[in-house]
Amino acid sequence: MKYLHLIWAALLRSKTRTFLTMLSVVTAFLLFGMLDSVRVAFNSSANVTGYNRLIVASRLSFTQVLPYSILPQVQTVPGIKSVTYANWFGGIYQDQRNFFPNFAIGPGFMEMYPEYVLPKEQLEAFYAERTGAIVGKGLAERHGWKIGDTIPLQATIFPTKGSNNWEFKLVGIYDVVDQKREGEENQLLFNWKYFDEANDYLKNQIGWLTVELADGADASQVAQAIDALSENSDHETKTQTEQAFNQGFFKMFADIGLIVTAIMGAVFFTLLLLTGNTMAQAVRERIPEIGVLKTIGFSDRTILVLVLAESVLLIVLGGMLGLLLASAMMPGISKSSGGVIQLPGVPPDTWALGLVLMVVIGIAIGLLPALRGMRLKIVDALAGR
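Everything numeric in this text was worked out from a predicted model, so none of it was measured.

Once that is clear, we can look at the overall build of the protein. The secondary structure content of the protein amounts to 13 helices and 12 strands. Buried positions account for 48% of the 385 residues belonging to the protein. Within the protein, contacts between residues at least 6 apart in sequence are counted, and of these 80% link residues at least 24 apart.

Residues other than glycine seldom take positive phi values, yet Lys161 does so here, at roughly 55°. Using a relative accessible area of 81% as the deciding quantity, one classes Lys161 as exposed. In the Ramachandran plot, Asn232 falls in the positive-phi region, its phi being about 65° despite a non-glycine side chain. Tracing the backbone shows Asn232 in the loop between helix H7 (219-229) and strand E12 (237-241). With a relative accessible area of 73%, Asn232 lands in the exposed category.

One pass over the full model with this rule turns up 4 salt bridges. Linking Glu212 and Lys81 is a salt bridge whose minimum nitrogen-to-oxygen distance equals 3.9 Å. Of this pair, Glu212 sits in strand E11 (residues 208-213) while Lys81 sits in strand E3 (residues 80-88), placing them 131 residues apart in sequence. On the basis of relative accessibility, which here comes to 15%, the residue Glu212 falls in the buried class. A salt bridge links Glu197 to Arg130, with the nearest nitrogen and oxygen atoms 3.2 Å apart. Taken together, the residues span a long stretch of sequence, with Glu197 in helix H6 (residues 192-198) and Arg130 in the loop between helix H4 (120-128) and strand E6 (132-136) at a distance of 67 residues.

Let us now look at helix H10 (residues 287-295). Listed as buried for H10 are Ile287, Ile290, Gly291 and Lys294. Along H10, the residues classed as buried sweep out an arc of 105° about the axis, all on the same side. Positive phi shows up at Gly297, right after H10, with a value of about 115°.

Time to look at empty space enclosed by the protein. Using the criterion set out here, one finds 1 cavity of 30 Å³ or more in the structure. Here the largest cavity is characterised by a volume of approximately 120 Å³. In terms of lining, the largest cavity is formed by 13 residues, of which the most central are Arg17, Thr18, Thr278, Ala282 and Glu310. For the lining of the largest cavity, the secondary-structure elements that each account for two or more residues are helix H1 (4-11), helix H2 (15-42), helix H9 (256-285) and helix H11 (300-336). With 4 residues, the single largest contributor to the lining of the largest cavity is H9. Among the residues forming the lining of the largest cavity, the class breakdown is 5 nonpolar, 5 polar and 3 charged.

Trp145, Leu188, Phe190, Phe195, Leu209 and Val211 are the most contacted members of the largest nonpolar core, which has 41 residues in total. Beyond its immediate sequence surroundings of up to four residues, Leu209 is in contact with Leu54, Ile55, Val56, Ile70, Leu71, Val74, Val83, Thr84 and Tyr85. Of all hydrophobic cores here, the second largest spans 22 residues; its members include Ile55, Tyr113, Val171 and Phe245.

With that settled, the discussion passes to H4. Taken as a whole, H4 has its buried residues at Gln122, Leu123 and Phe126. The arc that holds the buried residues of H4, viewed along the axis, is 100°, so those residues lie on one side. In this structure, H4 carries Lys120, Glu121 and Ala128 as exposed residues pointing more than 90 degrees from its buried face. Looking at the buried residues of H4, the elements they touch are strand E4 (102-105), E6, strand E8 (165-176) and strand E9 (188-191).

Detail in the predicted coordinates should be disregarded across regions flagged by low pLDDT. Averaged over all residues, the pLDDT of the protein is 85; the fraction at 70 or higher stands at 89%. Low pLDDT (under 50) marks residues 45-50, which in the prediction has 13 contacts with non-local residues, meaning those over four places away or in another chain.

Take the environment of Ile92 next. By the secondary structure assignment, Ile92 is in the loop between E3 and E4. Spatially, the C-alpha atom of Ile92 lies 8.9 Å from that of Asn102, the residues being 10 residues apart in sequence. Residues in contact with Ile92, not counting those within four places in the same chain, are Phe99, Pro152, Leu153, Gln154 and Thr156.

What follows covers the environment of Ala228. Structurally, the position occupied by Ala228 is in helix H7. Classification of Ala228 by relative accessible area gives partly exposed; the value is 43%. For Ala228 and Lys238, which are 10 residues apart along the polypeptide, the C-alpha to C-alpha distance reads 9.6 Å.

A few words now on the pairing of strand E1 (residues 53-58). Both faces of the sheet carry side chains from a regular strand, because those side chains alternate between them. Burial runs high along E1: 6 of the 6 residues are buried. The sheet contact formed by E1 and E11 spans 4 bridges and is antiparallel. Paired with Arg53 across the two strands is Glu212, which belongs to E11. Here E1 runs beside E12; their pairing, made up of 5 bridges, is antiparallel. Across the sheet, Ile55 pairs through a bridge with Gln240, a residue of E12.

The rules we used
- Residues numbered from 1 in each chain as written.
- Predicted model: local features only at pLDDT ≥ 70, side-chain atom pairs only at ≥ 80, totals over all residues.
- Heavy atoms only, no water.
- Helix = DSSP H or I, 4+ residues; strand = E, 2+ residues; numbered from the N terminus.
- Buried < 20%, exposed > 50% of the residue type's maximum accessible area, 1.4 Å probe, protein only.
- Contact = heavy atoms within 4.5 Å.
- Salt bridge = Lys/Arg side-chain N within 4 Å of Asp/Glu carboxyl O.
- Arc of directions from axis to C-beta.
- 1 Å grid on protein atoms, 1.4 Å probe; cavity = no way out; pocket = protein on both sides within 12 Å on 5 of 7 lines; lining within 4 Å.
- Points joined across faces, edges and corners; volume = space filled by probe spheres on them.
- Nonpolar A, V, L, I, M, F, W, Y, C, P; charged D, E, K, R; others polar.
- Core = buried A, V, L, I, M, F, W, Y, C linked by side-chain atoms within 4.5 Å.
- pLDDT = per-residue confidence, 0-100.
- Pairing = 2+ DSSP bridges.

Now the structure itself:
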């Protein structure tokens, strides 16, 4: 662009003002990049194609249980390699601030998750010990637990013998293969059989099934066949990917999309006011210069384009830097989410939406100052009016 040097000169006319304005844009798009990445992760497609593990849960709600009798039925569906099951427990360790995911698991659960590395002897001890529990390495290190320790949990849903006090013997500590998923070490697993026998209310009921597909099996067809087993019954199921299942669980607590939209709406509204005022002031200070440009032959349309290009360039530069910073921070956010969010960076959908917003905001804040510059008469501009 032959006028790029003029645009740069205008931006650098007041370096301090440009820097502070740029900083506000960077901050806004840093927030946008992180929050919208989370929104995209939570709203990603629930299409089961391409996954080798599926979750079978109640169609009505995650809180609705399924009868244990559904297990042998699901095992007969063609294309399934293995099936296991689990129940959410929701116990508290010492204080609510120490909360971590904990649930009862059936036989074969750990074998279905090769990304969880557990020594063979510890897995055998888990199956042999009625009250045995397995925890992730990160959780064990945080609380100073070691093999053989007794871990007390306070039940929030399932009492045992009229009491909320449950005790588990730590028999295994697992690692995760992918260091980006270290957040998944923040959980405790114990034997489903012990849970089924010891809790006061729930008998022969399971929270969800985890299905491992056979090689070459079509995930969509298997999911449809599983759901057809309970169609029109009092325990209809919904089969989906693990990611979609985890997202659905967290959506019970909040509408992520609505929260993100509300926050970003407030952020961008503030950004419009701040940068719009800054841009108007910058053009107002350069009125005599605009008059000189018109005197030497610059058309009204060219002045309009120069001012708009200046505002768009300012927003795009700040926005791109903000999204790059967000992309660098996303692995840490994914790690701290406990595996619910698994994003190596800002997803393409967020980049695309961000670029559109940069251009739209740039035009919006530059339009009025650009129109003013375009309509200026040479005499008034040279006079500074």
